[in-house]
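# Structural characterization, general
Here is how the chains run, residue by residue.
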Amino acid sequence: MKREDIEHLATLARIDLKDEEVASLTDSITSILGYVSDVNAITTEEKPKEVGALYNVMREDEETHEPGQYTEAILNEAPKREGQYIQVKKILGDNE
Amino acid sequence: MNNMTIQELRKKFVEGSYTPVDALADVKKAIAERDGEVHAYLELFEDADEAAQKAAERYKEEGDDAPPLLGMPIAIKNNILIEGKKTTASSKILENYVATYDATVIAKLREAGAVFVGSTNLDEFAMGTSTENSAFGPTRNPHDVTRVPGGSSGGSAAAVAMGGAVAALGTDTGGSVRQPAAFCGLVGYKPTYGAVSRHGLIAMGSSLDQAGPLTNSVSDAELIHNIIKGDDSMDSTTITDDTYKEVSVKETYRIGVPRHFLQEGLSESVRTVFEDTLKKLEAAGHEIVDVSVPLMEKGLAAYYIVMPAEVSSNLARFDGVRYGLRIEGDDLLSEYHKTRAEGFGAEVKRRILLGTYVLSSGYYDAYYGKAEQVREMMRAELREVFADVDALMLPTTPTPAFKLGAKSDPLSLYLEDIFTVPANLTGVPAISVPAGTVDEDGVALPVGVQCIGPHAGDARVFDLGKKILGE
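This report concerns the structure included in the present document. (Residues numbered from 1 in each chain as written. Chains lettered and ligands numbered in written order. Predicted model: local features only at pLDDT ≥ 70, side-chain atom pairs only at ≥ 80, totals over all residues. Heavy atoms only, no water.)

### Focus: the overall build of chain A
When helices and strands are tallied, chain A shows three helices and two strands. Going from the N terminus to the C terminus, chain A shows its helices and strands as α-α-α-β-β. Taken against the 2.2 N^0.38 rule, which gives 12 Å for 96 residues, the C-alpha radius of gyration of chain A at 23 Å runs more than 25% over that of a compact globule. Along the first, second and third principal axes, the C-alpha set of chain A runs to 55 × 45 × 30 Å. For chain A, the proportion of its 96 residues judged to be buried stands at 22%. (Helix = DSSP H or I, 4+ residues; strand = E, 2+ residues; numbered from the N terminus. Rg over C-alpha atoms; globule rule 2.2 N^0.38 Å. Buried < 20%, exposed > 50% of the residue type's maximum accessible area, 1.4 Å probe, protein only.)

### Side note on the pairing of strand E2 (residues 73–77) of chain B
Residue and element names in this part refer to chain B. Most of E2 is tucked away, with five of its five residues classed as buried. Side-chain alternation along E2 places Pro-73, Ala-75 and Lys-77 on one buried face and Ile-74 and Ile-76 on a second face that is also buried. By the bridge criterion, five bridges tie E2 to strand E3 (residues 115–120) in an arrangement that is parallel. Of the residues in E3, the one forming a bridge with Ala-75 is Gly-118. Between the parallel pair E2 and E3, the chain is carried across by helix H4 (residues 104–111), and the sense of this crossover is right-handed. Sheet topology note: the E2/strand E4 (residues 167–172) ladder contains three bridges and is parallel. Pairing of Ala-75 across the sheet is with Ala-168, part of E4. (Pairing = 2+ DSSP bridges. Right-handed = clockwise from strand over helix to strand, strands pointing away.)

### Some points on the sheet that holds strand E11 (residues 443–452) of chain B
Residue and element names in this part refer to chain B. Judged by pairing direction, the sheet is mixed, and its 11 strands sit side by side in the order E1-E3-E2-E4-E6-E5-E10-E11-E9-E7-E8 without closing on themselves. The open sheet has two edge strands, strand E1 (41–44) and strand E8 (287–290), and neither has a second partner. When the angles between neighbouring strand axes are averaged without regard to direction, this sheet yields 30 degrees. Here strand E7 (residues 254–257) runs beside E8; their pairing, made up of four bridges, is parallel. Within E8, the position partnered with Ile-255 by the bridge is Ile-288. Running at roughly 150 degrees to E3, H4 makes contact with E2, E3, E4 and strand E6 (210–215) of the sheet. (Axes fitted to C-alpha atoms, helices over the stretch in contact; angles between N-to-C directions. Contact = heavy atoms within 4.5 Å.)

### Let's talk about the packing of aromatic side chains
The description of two aromatic rings rests on the distance between their centres and on the angle between their planes. Residues and elements named next belong to chain B. Under the criterion given, the structure shown has 15 aromatic pairs over all chains. A ring pair is formed by Phe-125 and Phe-344, whose centres lie 6.0 Å apart and whose planes are at 70 degrees; its orientation type is edge-to-face. Remark: Phe-344 occurs in the loop between helix H10 (332–343) and helix H11 (346–359) and Phe-125 occurs in the loop between E3 and helix H5 (154–161); sequence separation between them is 219 residues. The class of Phe-125 is buried, set by a relative accessible area of 3%. Since its relative accessible area comes to 4%, Phe-344 is described here as buried. Following the ring pairs from residue to residue traces out a cluster consisting of Tyr-97, Phe-125, Phe-318, Tyr-323 and Phe-344. Lying across the ring of Phe-45, Lys-85 places its NZ or CZ 4.7 Å from the centre. One cation-aromatic arrangement involves Lys-407 over Phe-402; the distance from NZ or CZ to the ring centre is 4.8 Å. (Phe/Tyr/Trp six-rings, centres within 6.5 Å; stacked < 30°, edge-to-face > 60°. Lys NZ or Arg CZ within 6 Å of the ring centre and 35° of its normal.)

### Focus on the pairing of strand E5 (residues 187–190) of chain B
All names here are of chain B. Neither face of E5 is left uncovered, since the one carrying Val-187 and Tyr-189 and the one carrying Gly-188 and Lys-190 both have all their residues buried. Where E5 lies against E6, two bridges are found, and the strand directions are antiparallel. Within E6, the residue paired with Val-187 across the bridge is Thr-215. With three bridges joining them, E5 and strand E10 (residues 430–440) adopt antiparallel strand pairing. Of the residues in E10, the one forming a bridge with Tyr-189 is Ile-431.

### A word on the pattern of salt bridges
Residue and element names in this part refer to chain B. Tallying each qualifying case throughout the model produces 39 salt bridges over all chains. Note that Glu-62 and Arg-58 form a salt bridge whose closest N and O atoms lie 2.7 Å from each other. Residue Glu-62 and its partner Arg-58 are both found in helix H3 (residues 48–62); the two are separated by four residues, about one turn of the helix. On the basis of relative accessible area, Glu-62 is assigned to the partly exposed category, the value being 28%. Arg-58 sits in the partly exposed class, given a relative accessible area of 33%. The residue Arg-375 makes a salt bridge to Glu-372 at a minimum N-O spacing of 3.0 Å. Of this pair, Arg-375 and Glu-372 are both found in helix H12 (residues 365–388), three residues apart, which corresponds to roughly one turn of the helix. Accessibility expressed as a relative area gives 25% for Glu-372, which makes it partly exposed. By sharing partners, the salt bridges in this structure join Asp-144, Arg-147, Lys-403, Glu-440 and Asp-441 into a single network. (Salt bridge = Lys/Arg side-chain N within 4 Å of Asp/Glu carboxyl O.)

Right, dumping it as structure tokens:
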């Protein structure tokens, strides 16, 4: 694991890292990957995927509550709001 | 009230010799005396007084017909949502987040009459084994404040151990209820995966997480588990009575011990307590046999692939848009980057990056795919061994509670989980019960032993736990 690898992962994970964080993460992640690579010593067999004891369940597509019942409580937790909207920074640049 | 059980309190509450108001007062006294140095609690709830008052009134009316937990002062790990209360997961990113609904487990405890004393400290997002990773400062072990209480439910364990609650709720992803219970001399329970709803738990590893009680007796843990369990339309991974084959409770058990797993890294003091427990069980008519579960030894490696993978995707939701911290930036993307840089602590960042790596294209098969295959093989291995034995026993932890700051590199902290993660990876129930103490530097430190049962063997695991403690 090189510094650039850690910086790339941080970009993918949307986290800004300070230089000293990159250094310490490079060391610790290298050592953790060394340890977990143990699983590669186990011979596993490629088996077709089966549905296990637990599987995904969908609920009926129906109204579960009054419209607007939770809106205020949820919007109140947003860092910035404008009326019934959550406010965020512009996503597209001026020339796009 | 120190070390009283729910059952003892219940008797007094019904008689009226000691009321929920008295119990809460005693709990608050213990907190006032000890929590300055222990730091088990992040917040004490002001409405606990009113709840205790009402509970006391209800006992006068209802007596023994009152709900089973009425008036019981209970502490809640702060990654479990209680409507209207701050739920921080001990992270700066959720420092001011107020839960908008009750977790299913909270709704059930409320229905059963519990009085919520307050919210307890944890390793940030439940990632750790010592509660040193909290953004709001570490919790200390009430038995010896120079030592850690274990983690990640360290605040819940310390709260009960210091008499600051009669019981507490924690969450266990890789041992986070059992390990702190062992370090603090309590009973800690991790149910069969799916027995308890995860709705309203702040997710860490969704295929591993379960909520479980920390208590002063196995009977108390069983009582709480039976209240909070049950299938839930809000969590599609919850199980019903039909999901797994019924598991019986017996007079005596055939107990498997994987001694090959106990060769390295186990301290002599813990080994002695563990072996003594086995001898006592044998003397009581149980059969102790050696079993071989070689894949269990690889559990920790598989766990530290699967768990960070699930962490990296679960924690993607913390982006400063809908709730929690937001750090201003030039555009939306830079706000994500800054918010997550500022809001997450070092261990959380490490696991997110590790998870991002093992899931990334090119490495997925070698790490995540492989770990999931190993996990499936571990389940098969356990099915085979449970055809021969009724339960497995292991120590809960390799050592008793260690000193704060003693384990500074991440991998040495990860090794704390070695005996607890197999139950999470395979989804089987496991309990840690206090089996004795060892003397270190003149302090008697608790040691826990762990019983593991087959899927849906929750009642059997409780039964074996009671037999060990003579309940």
